[in-house]
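# A closer look at the structure
Each chain is listed here by its residues.
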Amino acid sequence: MTDDNGQTAQLSRAGWLRVSPVWLIPLIAALIGMWLLYDTFANRGPVIKLHMDAAQSIQAGKTQLKVRSVSVGHVTDVSLASDYQDAVITVQMDSDTAKLIGDDSRFWVVKPRVGPQGISGLNTILSGAYLQLRPAGEPSGKRRFKVQDTPPAVPANQPGKSLQLVTSGNNRLSVGDPIVYQGRNVGRLVDSRFSVGKRQTVYKLFIRKPYSKLITDRTQFWMRSGIQFHLGSQGADVQVGSLESMLVGGVTFGVAKGVKAGKPAENGDRFKLYATHNAAKQDRYDRRIKYVMLVDQSVRGLSDGAPVNYRGLRVGTVEKVPFYRNFHLERFSELKIPILIAIEPQRPSLGWTDWSDAEWRQKNRRFFKHGLRATVKSSNLLTGSKLVSLNFDQNAPPYETKRIGKYPVFPSEPSQIASIQKQLSDLMYQLNDLDAKALANQVKGTVGEANKTLKQVHQMSRRINRLLAQRDTKQLPAKLNQTLKQLRTTLEGFQHDSPAYKQLNDTLNRLDQVLGNVAPLSRTLRDQPNALIFGRPEGEDPIPRASH
């Protein structure tokens, strides 16, 4: 028994020693694989999710993520989001790249692109598109990002100032458009958003150093266009810019002539964006004395920003057309159109005085009493634009102080053309009120009478022609000449010293005496026609006297 047990133990140890060394190879390979797997998972970077509207040109296992043309990751999956609203790109980052990912990281697709910055991405025509990363300033645990449609307009960590431009007009600008100052590119538009509630577009721009020192609280921004055309009272003014300005446009800025530079602007300051340089120049005056005009004529062609002139010199601006607020317009205006205007004392045309706002209002009331009136007139026949003209009218009706809300009323009167149109309109109304049928009958009767008169005139003219055609009528001039000769012969006999002349003179004297004697009789018969029968009264009737 003892021998059998010892023999069995010896055989077991021999079987163990007879295991083949070949089995060590897969064991070592497994260990190496486990080590490589551990090393891969231990050293690879984070996995991030990128959301895009469309995953165009993005391929899993091929598209790379780069920073400054150096690959830092690759796309491992392209799929749709759970709500099917966008595409989700899964990117596996390389090791030691977690520090590149943070809240302010930016991603975009690099591909052939033509934009305000020029032509870029031509190298991707052969190699294909790839994702570009702008590293974050501070790393964080954020792992989901939105891929931008365009590259960032400003490089990261570039010194300068970020400002905002606000506009309510139809000014079309794009992200990346240049900010130009005196022909130099000093910045870019980096963002654009529209406020539905305020109905305003807010542009975010970045101006790099050292040009950011040019921006102060008095700086004005306006649209930059290649061609500027201005048609005014002094003629047409055309300015042509560079080819870049015509193709790209952008924004430019400056400080109005005669205005102090002011304080340096701070990051985030807001400025108004004007459509043209001329609009910016006209809006640089901050002192405004506002009035309301009540107009009873057409205001078509009169727009916000139109000039207010006094004898050709600009003294103010039209603020709002029409100007309706929470007040009872019928009380004063009788359904007239209200217009808000502003007198701007800072304008050069009013630089002859330094009155305060209260003094201006007092002086204007005095001017109103002396006939100062506002009129809406045409400023350009080609465009149909209008302006407000101020002038003194000595025949103006007396001024009555009125107010619309918190604004005093600036007295106005219609233009001469409007007055003529009103007179013509009144005349047409009067003509319409006439009884045309009765008037036509009268005209018809008058024409009939005139025809009868013309017929009588024709008959008379024919009779005269027949009379002139008779033989006796034709001999009448010869007989008249003969009679005149006889009269001349007779008058030659009446000389001053001839007997006939003396006899005629005596006869005329006697005739004069007879007429002198007859004159009292004629006066008596004129005053008392019955004097031939009753005789001439000897005196007036006696007047009885009262007894004492």
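See the structure above.
Quick summary incoming for the structure in this document. The structure presented is a predicted model; accordingly, all values stated were derived computationally and were not measured.

Let's shift gears to the overall build of the protein chain. Along its length, the protein chain carries 12 helices and 26 strands. Considering only residue pairs separated by 6 or more positions, the protein chain has 67% of its internal contacts joining residues 24 or more positions apart. If you sum the accessible surface of the protein chain, you get close to 38900 Å²; carbon and sulfur atoms cover 54% of it.

Taking 1.5 Å per residue as the helical rise, helix α7 (residues 357-369) with its 13 residues ought to reach 18 Å, and the 19 Å between its terminal C-alpha atoms agrees with that figure. Those residues of α7 not exposed but buried are Trp-360, Asn-364 and Phe-368. Burial along α7 is one-sided: seen end-on, the buried residues are contained in an arc of 75 degrees. Within α7, the exposed residues directed more than 90 degrees away from the buried face are Ala-358, Arg-366 and Lys-369. Backbone geometry just downstream of α7 places Gly-371 in the positive-phi region, at approximately 105 degrees.

We now examine the sheet that holds strand β1 (residues 47-52). Spatially, the 7 strands close up into a barrel ordered β1-β4-β3-β2-β8-β5-β9, and their pairing is mixed. Direction aside, the axes of adjacent strands within the sheet are offset by 35 degrees on average. Here β1 runs beside strand β4 (residues 87-93); their pairing, made up of 6 bridges, is antiparallel. Bridged to Lys-49 within β4 is Thr-90.

Reading across from one edge, β23-β24-β20-β21-β22-β19-β26-β25 is the order of the 8 strands in this open sheet, with mixed pairing throughout. A single partner strand is all that each edge strand has here, and the edge strands are β23 (372-378) and β25 (403-404). Where strand β20 (residues 307-310) lies against strand β21 (residues 313-320), 4 bridges are found, and the strand directions are antiparallel. Bridge pairing in β21 places Val-308 opposite Gly-316. Along the sheet, α7 makes contact with β19 (289-295), β23, β24 (386-392) and β26 (407-410), crossing β19 at roughly 30 degrees.

Pairing geometry for strand β10 (residues 160-167) and strand β18 (residues 270-274), over 3 bridges, is parallel. Residue pairing across strands places Leu-165 opposite Phe-271, the latter belonging to β18. With 2 bridges connecting them, strand β14 (residues 220-223) and β18 associate as parallel partners. Across the sheet, Phe-221 pairs through a bridge with Leu-273, a residue of β18.

In this section: the side chain of Gln-220. By secondary structure assignment, the location of Gln-220 is in strand β14. From its side chain, Gln-220 meets the backbone oxygen of Ala-280 in a polar contact 2.9 Å long. In this structure, Gln-220 is in contact with Thr-252, Phe-253, Gly-254, Ala-256, Tyr-274, Ala-280, Lys-281, Asp-283 and Arg-284, ignoring residues within four places of it in sequence.

Moving on, we get to the pattern of salt bridges. Using the criterion set out here, one finds 5 salt bridges in the structure. Residue Lys-146 pairs with Asp-53 through a salt bridge whose shortest N-O separation is 3.0 Å. Taken together, the residues Lys-146 in strand β9 (residues 144-148) and Asp-53 in the loop between β1 and β2 (64-67) connect sequence positions 93 residues apart. Two residues, Glu-319 and Arg-288, come together in a salt bridge whose shortest N-O distance is 3.3 Å. With Glu-319 in strand β21 and Arg-288 in the loop between α5 (277-282) and β19, this residue pair connects regions lying 31 residues apart in the sequence. With relative accessibility at 26%, the residue Arg-288 sits in the partly exposed group.

Counting residues in hydrophobic clusters, the biggest one holds 25 residues, and the most contacted among them are Met-293, Val-318, Ile-339, Leu-390 and Phe-410. The element contributing the most residues to this core is β19, with 4 residues. Counting residues in each nonpolar core, the second largest holds 20 residues, with Ile-48, Met-52, Val-75 and Phe-145 among its members.

With that settled, consider a nonpolar patch on the surface. Side chains of Leu-24, Leu-27, Ile-28, Leu-31, Ile-32, Met-34, Trp-35 and Leu-36 sit close together on the surface and give an oily, nonpolar patch of about 860 Å² of accessible area. Locating Leu-24 in the fold gives a position in helix α2 (residues 24-43).

Turning to the pairing of strand β22 (residues 337-343), a few remarks are in order. Most of β22 is tucked away: 6 of the 7 residues are buried. In this sheet, β22 lies alongside β19 in antiparallel orientation, the contact comprising 7 bridges. When the bridges of β22 are listed, Tyr-291 appears paired with Ile-341.

A separate point is the packing of aromatic side chains. Under the counting rule described, the total for this entry stands at 14 aromatic pairs. Grouped by ring-pair contacts, the aromatic residues Tyr-181, Phe-221, Phe-253 and Phe-271 constitute a single cluster. The residue whose ring lies beneath Lys-66 is Tyr-130, and the NZ or CZ to ring-centre distance is 4.5 Å. Directly above the aromatic system of Tyr-291 lies the positively charged group of Arg-361, at a separation of 5.4 Å from the ring centroid.

The rules we used
Residues numbered from 1 in each chain as written. Predicted model: local features only at pLDDT ≥ 70, side-chain atom pairs only at ≥ 80, totals over all residues. Heavy atoms only, no water. Helix = DSSP H or I, 4+ residues; strand = E, 2+ residues; numbered from the N terminus. Contact = heavy atoms within 4.5 Å. Areas by Shrake-Rupley, 256 points an atom, 1.4 Å probe, with all protein chains shown as cover. Expected span 1.5 Å × (residues − 1). Buried < 20%, exposed > 50% of the residue type's maximum accessible area, 1.4 Å probe, protein only. Arc of directions from axis to C-beta. Pairing = 2+ DSSP bridges. Axes fitted to C-alpha atoms, helices over the stretch in contact; angles between N-to-C directions. Polar contact = N/O pair within 3.5 Å; in protein donor to acceptor, adjacent residues only side chain to side chain. Salt bridge = Lys/Arg side-chain N within 4 Å of Asp/Glu carboxyl O. Core = buried A, V, L, I, M, F, W, Y, C linked by side-chain atoms within 4.5 Å. Patch = residues over 30% accessible without salt bridge, like charges linked within 9 Å, V, L, I, M, F, W, Y side chains within 5 Å. Phe/Tyr/Trp six-rings, centres within 6.5 Å; stacked < 30°, edge-to-face > 60°. Lys NZ or Arg CZ within 6 Å of the ring centre and 35° of its normal.

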